[in-house]
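Observations on chain architecture
If you want the building blocks of each chain, they are given just below.
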Amino acid sequence: MKKMCAIVIAFSAALLMSCSGGKKENIVKIGVYEPASGDNGAGGKQETLGVQYANTVTPAVTIGGTEYKVQLEIVDNESSNDKAVTAASDLVSKGVSVVLGSYGSGVSIAASDTFANASVPAIGITCTNPQVTQGNKHYFRICFLDPFQGTVLANFAADNFQAKKAYCLAKLGDDYSVGLCNYFIEAFKKLGGEVVFETFPDGTSDFAAYVTNAKNQGAQVFFSPVSIEAAALIIEQANTQGLPIPILAGDTWDSNVVMAAAKGTNVKVFVTTFFVEGSEDKQVTEFVEGFRKYLSTDATAKTNNGGNDEIAAVSAMGFDAYYTALEALKAAGSTKPSDVMAALPSVKYTGVSGAIEFNETGDAKRDVAYVKQVNNTTGKWDFIAVQKVK
């Protein structure tokens, strides 16, 4: 019986070797730590799409002279700080060499210690809160930060609308929206502005009172960098009440959900973001054309993009993050997470969102944000300006 088992095992092994051309396939795993559900599920899916598309374009990487197939390990952190550790631990247990994500600074911060304890490096894609990289050596990121973004938006409010009073609305306990509001408020006050600041509790679905208060307070801009789901409800209520002032938000609102909510209304929505179409740069053009083709040929991808082929900036950032991870793997010459972590500080990559390199805290050296406005007639984004800090 033992002899028969040995023959079967040997035959199975030979068959597997034959099917693979006699060579064992080398695999390197990249973790994708993103929300696919919860408040930030829509944005998380679009960010993940950028990574997935990049993986279809470049499915393999040469590390230390050996070619490896890149396998994405994707987990859903459910937009929840409470679920963050479980999702992060899942990626660690799967043996990933580096992690990408997350959309949402809160879940990135919540999972940070899990990655640190396992010596697994993480590359934030659009998590803009400074705390993500603060005081650690394992978290990096390729996006601009909220102190910069908040200041850019305050300057935009003052320069373009001559605003002297702003109404700010954040979600209670949310690191991203509360943090970005605070940076906006600090910068706006330095410009001589006055601010009314409110927060709403988790589970809020009626924003009528907040929009009413903004009107009654005589605010000239409404700033609310909250989740996409909340954004749609705020726009709906602003339209119902005929809110006459512009709504400003950060990168979170760069979504086709927001475009759809504003289409056909008189609500003016402006956002700061990481990427815009229309560049004549060959790399950008190829990305835009290729990504749209990818969406048109993959029904699931198109569904995860909101059912259309509009390109969100977070998808472009996910695309760049994937290639940044590949550069780190090549620089490390190893798939060992600690080696990749050691290589990351010196990594440089020019992507579709611009040049990427890290400073001493692991943050990207970014000094430009793009401002876009929803065209209420077409439901598309109109490019407004390249905005820098004064």
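So, a few notes on the structure that sits alongside this text. Only a predicted model underlies this, so the values are computations on that prediction, with no experimental measurement involved.

**What to know about the sheet that holds strand β8 (residues 194-200)**
Pairing is mixed across the open sheet formed by 7 strands, whose spatial order is β8-β7-β9-β10-β11-β14-β15. Every interior strand has two partners, whereas the edge strands, β8 and β15 (381-387), have only one. Strand-to-strand twist of the sheet, defined as the mean angle between neighbouring strand axes without regard to direction, takes the value 25 degrees. As defined by bridge partners, strand β9 (residues 221-223) adjoins strand β10 (residues 247-249) across 2 bridges and the pair is classed as parallel. The partner of F222 across the bridge, within β10, is I247. Against the sheet, helix α6 (residues 175-190) engages β7 (165-171), β8 and β9, with an angle of about 165 degrees to β7. Contacting β7, β8 and β9, helix α7 (residues 208-216) crosses the sheet at an angle of about 170 degrees to β8.

**Description of the pattern of salt bridges**
A complete count under the given rule lists 17 salt bridges for this structure. As a salt-bridge pair, K282 and E286 come within 3.9 Å of each other at their nearest N and O atoms. With a gap of 4 residues between them, K282 and E286 both fall in helix α10 (residues 282-297), about one helical turn apart. Overall, K282 belongs to the exposed group, its relative accessible area being 62%. We classify E286 as partly exposed; its relative accessible area is 45%.

Rules and cut-offs
- Residues numbered from 1 in each chain as written.
- Predicted model: local features only at pLDDT ≥ 70, side-chain atom pairs only at ≥ 80, totals over all residues.
- Heavy atoms only, no water.
- Pairing = 2+ DSSP bridges.
- Helix = DSSP H or I, 4+ residues; strand = E, 2+ residues; numbered from the N terminus.
- Axes fitted to C-alpha atoms, helices over the stretch in contact; angles between N-to-C directions.
- Contact = heavy atoms within 4.5 Å.
- Salt bridge = Lys/Arg side-chain N within 4 Å of Asp/Glu carboxyl O.
- Buried < 20%, exposed > 50% of the residue type's maximum accessible area, 1.4 Å probe, protein only.

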